[in-house]
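This is what each chain is made of:
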There are 2 protein chains.
Amino acid sequence: MTRTSIRQFTDQPVAKDTLDLLVKAGMAAPTAMNKQPWAFIVITDKEMLNALNEVKPWFNLKTATAAIVVCGDLSKEEKDWSAEYWVQDCSAATENILLAAHAYGLGAVWCGVYPNPEILPAVTKLLGTPEHIVPLNVITLGYPAENPAPKDKFNAESIHYQKW
Amino acid sequence: MTRTSIRQFTDQPVAKDTLDLLVKAGMAAPTAMNKQPWAFIVITDKEMLNALNEVKPWFNLKTATAAIVVCGDLSKEEKDWSAEYWVQDCSAATENILLAAHAYGLGAVWCGVYPNPEILPAVTKLLGTPEHIVPLNVITLGYPAENPAPKDKFNAESIHYQKW
């Protein structure tokens with residue numbers, strides 16, 4: 001949990017087996033009512049990475065050799081307020097993938113897509129996702145070409161005891 | 001990431017230092033635009049745990065010796081669509097806390113609160129949280145009195161390559 005975002009990568013590719021293990025780590029996350037309302041798009045194709053980078057240049061895909069798009073699958077949710085849980089479930093899966101990436105010596109960045117109205121339509125169009133599949137983010141991946149120090153974000157003022 | 005939910009705990013208390021380390025792990029999660037839109041309520045008081053359990057008995061607080069309530073702090077967000085990012089950020093923090101709990105030999109369960117309209121008002125009232133603080137969940141904690149096998153949720157059909 002002391003990982004930090006990596007935005008510059010070497011040209012060493014990430015093996016398919018490693019990417020599958022990252023997705024497997026994502027699928028180990030808990031989900032509300034065990035619905036597992038997710039899907040994952042694993043991208044190593046340089047043209048697709050470049051196209052995603054054109055949608056939003058801060059995707060940090062310029063030097064990334066892979067990406068995983070974590071998507072919500074709304075067809076697995078009920079038709080009531082609980083449908084919103086996919087955001088929490090897919091965020092937990094994303095954090096698992098980031099930590100697994102770090103454990104495998106990879107660098108990664110969580111690049112938000114949903115609910116950004118400026119990029120969500122372009123990303124869904126590019127990936128060809130059907131209406132019930134919502135890309136939550138693009139996780140950029142690769143072997144680190146930089147070694148930034150982790151941020152210390154601990155703030156005692158944000159902790160309360162027993163009640164507010 | 002191979003942890004599983006623990007719902008039965010021994011009566012061994014969880015030390016304050018350990019609970020603080022769990023919150024610190026939560027605060028190590030990445031957040032959109034580094035806003036850190038969160039607050040954490042650490043509970044060890046048995047009366048408060050019992051009161052939370054009465055709000056919703058599947059909080060699994062009957063034998064839990066501690067809980068951490070992960071809250072969104074909307075005062076740290078912009079007043080546009082990006083305000084919704086607190087759910088993703090606090091979910092990543094929650095997953096970090098669950099994994100840290102496992103690493104420290106603790107058991108835990110992520111019990112959803114937001115956006116459940118049946119329990120959110122009662123939880124905010126009990127905790128005395130102001131309007132800009134939204135409890136996302138209650139993480140029940142304690143030393144495990146059971147040892148369930150982790151669920152294998154891997155599903156190859158949920159993985160796509162290059163595009164949908």
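Here the structure is shown first, and the text comes after it.
Just so you know, these numbers come straight off a predicted model, no measurement behind them. Every chain's residues receive numbers from 1 upward, in the order its sequence appears when written. Working convention: letters from A go to chains and numbers from 1 go to ligands, in the order in which they are written. The model is predicted, so local features are restricted to residues of pLDDT at least 70 and side-chain atom pairs to those at 80 or more, both for listing and for counting; the totals for chains, interfaces and linings are taken over all residues. For the side-chain quantities, the full set of heavy atoms in the structure was used; hydrogens and water were omitted.

**Some details on helix α4 (residues 120-127) of chain A**
Residue and element names in this part refer to chain A.
Thought 1: The classification of residues rests on relative accessible area computed with a 1.4 Å probe and restricted to protein chains. Under 20% of the type maximum is buried, over 50% is exposed, and intermediate values are partly exposed. We count a stretch as a helix when DSSP gives it H or I for four or more residues in a row; a strand needs E for two or more, and each element gets its number in order from the N terminus. Of the residues making up α4, those classed as buried are Leu120, Val123 and Leu127. One side of α4 carries all its buried residues, which in axial view fall inside an arc of 65°.
Thought 2: Packed against the buried residues of α4 are β1 (38-43), α2 (46-55), β2 (66-73) and β4 (133-142).
Thought 3: Trailing α4 by a residue or two, Gly128 shows a phi angle of about 70°, which is positive. Each direction from the helix axis to a C-beta atom contributes to the arc, which is the arc of those directions. Working rule for contacts: check all heavy atoms of both residues, and any pair within 4.5 Å makes them a contact.

**Topic: the sheet that holds strand β3 (residues 107-112) of chain B**
Either a parallel or an antiparallel arrangement is found when strands of a sheet pair, and the pairing is made through backbone hydrogen bonds.
Thought 1: Whether two strands pair comes down to DSSP finding at least two bridges between them. Spatially, β5(A)-β1(B)-β2(B)-β4(B)-β3(B) is the arrangement adopted by the five strands of the open sheet, whose pairing is mixed. Of all strands in the sheet, those with a lone pairing partner are β5 (159-161) of chain A together with β3 of chain B, marking the two edges. Pairs of neighbouring strands in the sheet enclose a mean axial angle of 25°, with direction left out of account.
Thought 2: Along the sheet, helix α3 (residues 85-103) of chain B contacts β1 (38-43), β2 (66-73), β3 and β4 (133-142) of chain B; its crossing angle with β4(B), the most-contacted strand, is approximately 10°. Lines fitted to C-alpha atoms define the axes, with helix axes restricted to the stretch in contact, and inter-axis angles between N-to-C directions lie between 0 and 180 degrees.

**Quick look at the packing of aromatic side chains**
Thought 1: Two aromatic rings, drawn from Phe, Tyr or Trp (for Trp, its six-membered ring), form a pair once their centres lie within 6.5 Å of each other, and the interplanar angle then sorts them: stacked below 30 degrees, edge-to-face above 60, tilted otherwise. Scanning all chains against the criterion turns up six aromatic pairs over all chains.
Thought 2: Measuring from ring centre to ring centre gives 5.9 Å for Trp38(A) and Phe40(A), while their planes differ by 50°; the resulting arrangement is tilted. Each member of the pair, Trp38(A) together with Phe40(A), is buried.
Thought 3: Only Lys NZ and Arg CZ are tested; either one counts as a charge over a ring when it is within 6 Å of the ring centre and within 35 degrees of the ring normal. The ring of Phe154(B) carries Lys24(A) above its face, with NZ or CZ at 5.6 Å from the centroid.

**Some remarks on the interface of chain A and chain B**
Thought 1: Every contact between the two is made by 61 residues of chain A and, on the other side, 61 residues of chain B.
Thought 2: Each of two parts loses accessible area, computed with a 1.4 Å probe, when they are put together; buried area is these two losses added. Across the chain A to chain B interface the summed buried area is about 5,400 Å²; carbon plus sulfur atoms make up 60%.
Thought 3: For chain A, the biggest contributors to the area lost against chain B are Lys153(A), Gln162(A) and Trp164(A); these three give 15% of the whole.
Thought 4: Within 3.5 Å is the distance limit for a polar contact, defined as a pair of N or O atoms, with the added protein rule that one can donate a hydrogen and the other accept it, and that residues adjacent in sequence qualify only through two side-chain atoms. Between the two partners, chain A and chain B, sit 24 residue pairs in polar contact (both at pLDDT 80 or more).
Thought 5: Only α1 (16-27), β1, α3 (85-103), β3 (107-112), α4, β4 and β5 of chain A provide two or more residues apiece to the side of chain A that touches chain B.
Thought 6: Per-element accounting of the side of chain A that touches chain B gives the leading share, 10 residues, to α3(A).
Thought 7: For the side of chain A that touches chain B, a count of residues per class yields 35 nonpolar, 15 polar and 11 charged.
Thought 8: Here three bridges tie β5(A) to β1(B), and the two strands are oriented parallel to one another. When residues are grouped by polarity, Ala, Val, Leu, Ile, Met, Phe, Trp, Tyr, Cys and Pro land in nonpolar, Asp, Glu, Lys and Arg in charged, and all others, Gly among them, in polar.

**As for α3(A)**
Residue and element names in this part refer to chain A.
Thought 1: Helix span, expected: 1.5 Å multiplied by one less than the number of residues in the helix. Over its 19 residues, α3 extends 27 Å from the first C-alpha to the last, a length consistent with the 27 Å expected when each residue adds 1.5 Å.
Thought 2: Burial analysis of α3 places 17 of its 19 residues in the buried class, which makes it a mostly covered element.
Thought 3: Following α3 by one or two positions, Gly105 adopts a phi angle in the positive range, close to 80°.

**Some details on the pairing of β2(B)**
Residues and elements named next belong to chain B.
Thought 1: Counting buried positions along β2 yields eight of eight residues, so the element is predominantly enclosed.
Thought 2: Burial along β2 is two-sided: Ala66, Ile68, Val70 and Gly72 and Ala67, Val69, Cys71 and Asp73, pointing in opposite directions, are all buried.
Thought 3: Relative to β4, β2 runs antiparallel, the two sharing eight bridges. Residue pairing for β4: Ile68 is matched across the bridge by Ile139.

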